[in-house]
Amino acid sequence: MPNDFPKFDSLFDYQHKVVELAASSQALATASAGYQMLNAATWWQSWMDYAAETEGVASPVEYIDRGLARANDAIVQFQHSPEFQDAQRDLVKSFAEFRRRHKEVAEIWQEINHAPTQQDIDDLSETVYELRRELRRLRSELNASREETP
Amino acid sequence: MTPADIALDGALSKWTEYLDGFRHLSTISDQEVAIATTAKQEVLSIDKMKLYRYEPLAPRTVSRPLLIVYGLIGRYTMLDLQEDRSIVRNLLEKGITVYMLDWGNPRRADRFLQFEDYVEEYVARSVDFICEAENTTRVAQLGVCEGGVFSTIYSALHPEKVSSLALSVTPIDFHADLEESESMPENGFLNRWARNIPNEEIEALIESFGYLPGEMTGLIFQEMTPVRTLAKYNWDLPAAIAPSREQALNFLRMEKWLSDRPHHPAAAAKQWMIELYRENRLARGTFEMDGKRVDLGRLTMPILNIFALKDHIVPAPTSRALRHLAGTMDYTDLELGVGHIGTFVSRKANRQFSDTLAAWLAAREPSTSTRDDRESTEAA
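Quantities reported herein were computed from a predicted structural model and do not represent experimental measurements. (Residues numbered from 1 in each chain as written. Chains lettered and ligands numbered in written order. Predicted model: local features only at pLDDT ≥ 70, side-chain atom pairs only at ≥ 80, totals over all residues. Heavy atoms only, no water.)

Overview of a negative patch on the surface
Residues and elements named next belong to chain A.
Part 1 of the argument: A surface patch of like charges, here negative, comprises Glu111, Asp120, Asp123, Glu126 and Glu130.
Part 2 of the argument: If one sorts the elements of the negative patch by residue count, helix α4 (residues 118-148) sits on top with four residues.
Part 3 of the argument: Structurally, aspartate 123 is set in helix α4. (Patch = residues over 30% accessible without salt bridge, like charges linked within 9 Å, V, L, I, M, F, W, Y side chains within 5 Å. Areas by Shrake-Rupley, 256 points an atom, 1.4 Å probe, with all protein chains shown as cover. Salt bridge = Lys/Arg side-chain N within 4 Å of Asp/Glu carboxyl O. Lys, Arg positive; Asp, Glu negative; His and termini not counted. Charge placed at Lys NZ, Arg CZ, Asp CG, Glu CD. Helix = DSSP H or I, 4+ residues; strand = E, 2+ residues; numbered from the N terminus.)

So, in structure tokens, the structure goes:
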């Protein structure tokens, strides 16, 4: 279903939210694959370069040890590149977007089924937090006034 | 030997190591992998925070109690990981009274907690409690990593309540990692991560959970050594568990600590990642707590700054920067040639850390004539 599909009132816009969740899931999968591919390509290139330099390696175990160390260094160096940083940004952005869309769909289900939503709990948590802050402020003022009283 | 012999020999040797390692693992129960075993009592509890007082192991030699403030990333148990590598135990054996803050397990319901709450409520009330219990007006503090930032902020806002400030692997100038980005590319991944992600994306990520998940900080740390992380439980495993049963136990204790990663409350995580990592407000003198600017120039108490030269997580320059920002005339650096965690668990670094801190605290004991403790005032 395309994102510009017209709204049907009787569906409470639910269909759009499901489509957006599916789209965000796909975007996350793409970003994640892109990120992994970049790292894998760096690792592969590192092994290819290393494979051409077997001179001075005493044993297969040492060969693998040194190859892993080289690959680690290569990826660490690659993490400084704009290419890696772009992929990292895409991954973080698509992950947060997917979770946001997921929450929207989950909350529709919760409301339909008479269950408190995450937002309801968050609102309550905020109220409790503000009350605690207020209590702290009052306690602080009370202590200050006691100290001032001769 | 022919190349085939060398290959066979290597494969057999590796296989033998695996067998030795699994033999050790098969004799170890989870119960035996105990961490943070030094005896302590819970003396104060506020919300999910707990304050512990450790049982003394030697007669008191330093009058000021020491409050250890760990961060919200990882758990305080790192300082008491095992009996023979315990900063806490070492300090107790030198006659220092040790208190420890434990932040518990913040959940989504704690998402609104911010630095103001951690510093002005939890740390501040703990300090007041200790002063009352120990009949003193000041405490010494040891802040660790993010806990070091809490201690630094508290000390700058309430210098009259802090007799001395020790910090370990604590970032102060969050952009100073750039000094060594070319010479040590493996350091500062988290600093770069934060600078790479726009504020609104960091906020959206944290908001989507209601906290910064412990699993996510764990993943970020694993990316600092990407291939070593992938090889940890296969190719590299024998080196960790094969040499001896005791070494396998050490490995498992560290695994236990690593797997216990608390979540970081959302509001405080946004301050940590955006205001500090991205905007570097602490070093720039623009970080505020409830509208009060945190001025590092007010850190006039003696300062011992302990940091690690091979620290991937908190690059040494980010800690070292405090020297030029603090207002104290009594400033000491201790540079350790290890990594972030090695500061606490490397046998040599652990001993150097404890010995230096204990001697430094003892040397800054108030003399009888200048002591400002309540008991001396009353005695006078």
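Observations regarding the domain arrangement of chain A
Residues and elements named next belong to chain A.
Part 1 of the argument: Taken domain by domain, chain A holds domain 1 (9-115) and domain 2 (116-150).
Part 2 of the argument: Relative placement of domain 1 and domain 2: their C-alpha centres are 42 Å apart.
Part 3 of the argument: Contact with domain 1, which involves six residues of that partner, is made by five residues of domain 2.
Part 4 of the argument: Between domain 1 and domain 2 the total buried area reaches about 430 Å² when both faces are included, carbon and sulfur atoms providing 47% of it.
Part 5 of the argument: Sorting the residues of domain 1 by area buried against domain 2 places Lys103, Glu107 and Ala115 first, and these three jointly supply 77% of that buried surface.
Part 6 of the argument: Linking domain 1 to domain 2 there are zero salt bridges.
Part 7 of the argument: Residue composition of the side of domain 1 that touches domain 2, by class: one nonpolar, two polar and three charged. (Domains from an automatic or database assignment. Contact = heavy atoms within 4.5 Å. Buried area = accessible area lost by both parts, 1.4 Å probe. Nonpolar A, V, L, I, M, F, W, Y, C, P; charged D, E, K, R; others polar.)

Focus: the packing of helix α3 (residues 82-112) of chain A against helix α6 (residues 199-209) of chain B
Part 1 of the argument: Between α3(A) and α6(B), whose axes approach to 9 Å, the crossing angle comes to 40°. Classified by chirality, the crossing of α6(B) by α3(A) is left-handed. Along its contact with α3(A), which presents A:Val92, A:Lys93, A:Phe95, A:Ala96 and A:Arg99, the element α6(B) presents B:Glu201, B:Ala204, B:Leu205, B:Ser208 and B:Phe209.
Part 2 of the argument: Its residues assigned to classes, the contact of α3(A) with α6(B) shows six nonpolar, one polar and three charged. (Axes fitted to C-alpha atoms, helices over the stretch in contact; angles between N-to-C directions. Left-handed = near helix turned anticlockwise from the far one by under 90°.)

Things to note about helix α10 (residues 245-258) of chain B
Residue pairs spaced three or four apart in an α-helix point in one direction, given the helix's 3.6 residues per turn.
Part 1 of the argument: Taking 1.5 Å per residue as the helical rise, α10(B) with its 14 residues ought to reach 20 Å, and the 20 Å between its terminal C-alpha atoms agrees with that figure.
Part 2 of the argument: Every buried residue of α10(B) is listed here: B:Ala248, B:Leu249, B:Asn250, B:Phe251, B:Arg253, B:Met254, B:Glu255 and B:Trp257. (Expected span 1.5 Å × (residues − 1). Buried < 20%, exposed > 50% of the residue type's maximum accessible area, 1.4 Å probe, protein only.)

Thoughts on the side chain of B:Asn90
Residue and element names in this part refer to chain B.
Part 1 of the argument: Along the polypeptide, asparagine 90 turns up in helix α2 (residues 87-93).
Part 2 of the argument: Here the side chain of asparagine 90 touches serine 354 through a polar contact of 2.8 Å, side chain to side chain.
Part 3 of the argument: When residues no more than four places from it in sequence are discounted, the contact partners of asparagine 90 are Asn350, Arg351 and Ser354. (Polar contact = N/O pair within 3.5 Å; in protein donor to acceptor, adjacent residues only side chain to side chain.)

Observations concerning the interface of chain B and chain A
Part 1 of the argument: Taken together, the contacts link 41 residues of chain B with 36 residues of chain A.
Part 2 of the argument: At the boundary of chain B with chain A, the tally comes to nine salt bridges.
Part 3 of the argument: With its nearest N and O atoms 3.9 Å apart, the salt bridge here joins A:Arg136 to B:Asp290.
Part 4 of the argument: Where chain B touches chain A, the interface holds 20 residue pairs in polar contact (both at pLDDT 80 or more).

Things to note about the environment of A:Ile121
Part 1 of the argument: As for its placement among the helices and strands, A:Ile121 is situated in helix α4.
Part 2 of the argument: When its relative accessible area of 42% is taken as the criterion, A:Ile121 is described as partly exposed.

As for the nonpolar core
Soluble globular proteins tend to bury their nonpolar side chains together.
Residues and elements named next belong to chain B.
Part 1 of the argument: Counting residues in each nonpolar core, the largest one holds 118 residues, and the members touching the most others are Leu79, Trp103, Phe115, Ile153, Trp193 and Leu357.
Part 2 of the argument: Examining the composition of this core, we find that nine residues originate from one element, helix α3 (residues 115-134), more than from any other.
Part 3 of the argument: Sequence-distant contacts of tryptophan 103, that is, excluding residues within four places in its chain, are made with Lys48, Met49, Val69, Tyr70, Gly71, Leu72, Tyr118, Tyr122, Val123 and Phe150.
Part 4 of the argument: Core analysis: the next-biggest nonpolar cluster, separate from the first, contains eight residues, Ile28, Val33, Ala248 and Phe251 among them. (Core = buried A, V, L, I, M, F, W, Y, C linked by side-chain atoms within 4.5 Å.)

Considerations on the environment of B:Ser163
Residues and elements named next belong to chain B.
Part 1 of the argument: Examined against the element boundaries, serine 163 turns out to sit in strand β6 (residues 162-168).
Part 2 of the argument: Residues within four places of serine 163 in sequence aside, it is in contact with Arg64, Arg138, Val139, Ala140, Met301 and Pro302.
Part 3 of the argument: A polar contact of 3.4 Å, which involves the side chain of serine 163, links it to the backbone nitrogen of alanine 140.

Here we look at the packing of helix α5 (residues 189-196) of chain B against helix α11 (residues 266-278) of chain B
Residue and element names in this part refer to chain B.
Part 1 of the argument: α11 packs onto α5 with a crossing angle of 95° between their chain directions and a minimal axis gap of 9 Å. The orientation of α5 relative to α11 falls into the category roughly perpendicular. On α11, the residues touching Leu190, Asn191, Trp193, Ala194, Arg195 and Asn196 of α5 are Met273, Tyr277 and Arg278.
Part 2 of the argument: When grouped by side-chain class, the residues that make up the contact of α5 with α11 number five nonpolar, two polar and two charged. (Parallel < 35°, antiparallel > 145°, perpendicular 65-115°, else oblique.)

Section: α6(B)
Part 1 of the argument: Buried within α6(B) we find B:Glu201, B:Ile202, B:Leu205, B:Ile206, B:Ser208 and B:Phe209. Projection of α6(B) onto a plane perpendicular to its axis shows the buried side chains occupying an angular sector of 160°, all on one side.
Part 2 of the argument: Each element contacted by the buried residues of α6(B) is listed here: α3 of chain A together with α5, β7 (211-212), α7 (214-222) and α11 of chain B. (Arc of directions from axis to C-beta.)

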